[in-house]
Amino acid sequence: MKDFSRKLIGWYETHRRDLPWRQTTNPYHIWLSEVILQQTRVDQGLSYYLKFLKLFPTVHDLAGSSEDQVLKAWQGLGYYSRARNLHHTAQLVVEHGQGLFPMNYDGLIKLKGIGPYTAAAIASFAYNEKKPVIDGNVVRVLSRIYGIEHAIDSKEGKNAISQLAEEMIDPRNPASYNQAIMEFGALHCTPRLPQCDSCPFHSSCFAFAKKRVSDFPFKKKKTRVKNLWITYFHIDEPRYVWIRKRGLDGIWKGLYDFPGIESESEPDLGLQLTEFLKSQALKKRDCVISSSEPYLHILTHRRIHARFIHIKTKSKMSNPLSDWIRIAKTNLSQYGVPRLVEKYLAGDSR
DNA sequence: AAGCCGGGGGA
DNA sequence: TCCCCAGGCTT
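Residues numbered from 1 in each chain as written. Chains lettered and ligands numbered in written order. Predicted model: local features only at pLDDT ≥ 70, side-chain atom pairs only at ≥ 80, totals over all residues. Heavy atoms only, no water.

Draft legend 1. Region of the structure containing the protein's contact with DNA strand B. Around DNA strand B lies a shell of 26 residues, among which Arg41, Trp252, His297, Thr300 and Arg339 are the nearest. One nitrogen or oxygen atom from the side chain of Gln44 is found 3.2 Å from a base nitrogen belonging to DNA strand B. Interatomic distance of 2.9 Å between a side-chain N/O atom of Tyr79 and a base oxygen of DNA strand B. When grouped by side-chain class, the residues that make up the surface near DNA strand B number 7 nonpolar, 9 polar and 10 charged. (Near = heavy atom within 4 Å. Polar contact = N/O pair within 3.5 Å; in protein donor to acceptor, adjacent residues only side chain to side chain. Nonpolar A, V, L, I, M, F, W, Y, C, P; charged D, E, K, R; others polar.)

Draft legend 2. Structural detail: the nonpolar core. In terms of nonpolar packing, the biggest core is built from 93 residues, with Trp31, Trp74, Trp252 and Phe308 touching the most fellow members. Of the residues that make up this core, three or more belong to each of domain 1 (2-215) and domain 2 (226-346). Aside from chain neighbours lying at most four places away, what touches Phe308 is Tyr232, Phe258, Ser290, Ser291, Ser292, Tyr295, Leu340, Val341 and Tyr344. Judged by nonpolar contacts, the second largest core, of 12 residues, contains Phe233, Cys287, Ile311 and Trp324. (Core = buried A, V, L, I, M, F, W, Y, C linked by side-chain atoms within 4.5 Å. Buried < 20%, exposed > 50% of the residue type's maximum accessible area, 1.4 Å probe, protein only. Domains from an automatic or database assignment. Contact = heavy atoms within 4.5 Å.)

Draft legend 3. Highlighting the environment of Glu266. Inspection of the secondary structure assignment puts Glu266 in the loop between β4 (260-263) and α13 (269-279). Classification of Glu266 by relative accessible area gives exposed; the value is 63%. (Helix = DSSP H or I, 4+ residues; strand = E, 2+ residues; numbered from the N terminus.)

Draft legend 4. Up close: the protein's contact with DNA strand C. The environment of DNA strand C is formed by 26 residues, the closest being Gly113, Gly115, Thr118, Asp135 and Arg140. In DNA strand C, atoms within 4 Å of the protein come from the sugar-phosphate backbone in 65% of cases. Between DNA strand C and the protein, one listed contact pairs a phosphate oxygen with a backbone N or O atom of Gly115 at 2.8 Å. Between DNA strand C and Pro116, the relevant distance is 3.4 Å, taken from a phosphate oxygen to a main-chain nitrogen or oxygen of the residue. Counting only elements with at least two residues in the surface near DNA strand C, the list comes to α8 (116-127), α9 (136-146) and α11 (174-187). When its residues are assigned to classes, the surface near DNA strand C shows 8 nonpolar, 9 polar and 9 charged.

Draft legend 5. Structural context of the packing of aromatic side chains. Within the structure shown, the criterion is met by 21 aromatic pairs. Between Phe4 and Phe201, the ring centres sit 4.7 Å apart and the planes meet at 40°, which makes this aromatic pair tilted. With Phe4 in helix α1 (residues 2-15) and Phe201 in the loop between α11 and α12 (206-209), the pair connects residues that are 197 residues apart, well separated along the chain. For the pair formed by Phe4 and Phe201, the shared burial category is buried. Centre to centre, the rings of Tyr295 and Tyr344 are 6.3 Å apart; their planes meet at 75°, and the pair counts as edge-to-face. Of the two residues, Tyr295 sits in strand β6 (residues 295-298) while Tyr344 sits in helix α14 (residues 339-346), which places them 49 residues apart along the sequence. Site record: aromatic cluster; members linked through ring pairs are Phe4, Trp11, Tyr177, Phe184 and Phe201. A cation over an aromatic ring shows up here: Lys131 above the ring of Tyr105, its NZ or CZ 4.7 Å from the ring centre. In this structure, Arg326 is placed above the aromatic ring of Tyr240, and the distance from its NZ or CZ to the ring centre is 4.0 Å. (Phe/Tyr/Trp six-rings, centres within 6.5 Å; stacked < 30°, edge-to-face > 60°. Lys NZ or Arg CZ within 6 Å of the ring centre and 35° of its normal.)

If you want it as structure tokens, here you go:
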């Protein structure tokens, strides 16, 4: 619909925020910004975008770094698979594309970490290809205006939205249209308290006409939260500290933390400490032991109850597990750690 | 289709 | 508290 695009882009031109990734058509810059902004607010991602451009000015710099360096730079932003995929894709682009990104949506979406949204964003912003972006903002705007009565996390809901998005995109200005509809959702047609009174689509919005704005969009499922208890052993030798790299497929994969024990019910701290000391043949009189206050770390799908047991000792561990790493304390800051550990280290790690 | 993956902000 | 954020991957 031509009128929709005209009004939308008109709104955008007067209300748009001045954001650095809107000043460029460089696919590397666009890709970086889009991955950083996946499930992440602009306010939260902006400083990371600037930091990444400074640390890794080109895709060659990113590819030439280590995954650990990328994860360290990503520390605190969450969803760390994004950082691992970013590094992987940078290396692939350098090795198989001479540092050039694929020139269209179909090529982009084959890359790790680039799904339908990100491929459409890069294709439209960098190449002006006519592919509609469908993010949380777009879903909200379209579902309200058209009154989508299907759950947006169902197949029917997704089909309805993507069909509408295809019809609505402005073939003359795909890049501007995509920027505009996302910005409109982010600033005007917000999840709560949208500014319907001053909305340019006031008279053509189904949800507003029916006084059902808060009904759209809706989901069928909500994620449920599981409790997780972690007991960390902060083994503090005079010049060294033990850490471990998190592997497998769980939370914080690729980051570092302390050796520890995880459980889905509340553990017996005294027992865990006793068994730890026994396993390392440590005598209590050879250590200074203190326990941190409990840390409650709230995530979307987890409530993590963490406790840091600080064990100051001059003894060397007699039986470290295979994934433990002994590093100089002065090097600890080079390792990417979860926010939880970062907070502990910044606070009462004495 | 459903589950999993972080961290933070707004109401 | 609850919901959501310029989503994507795995099972």
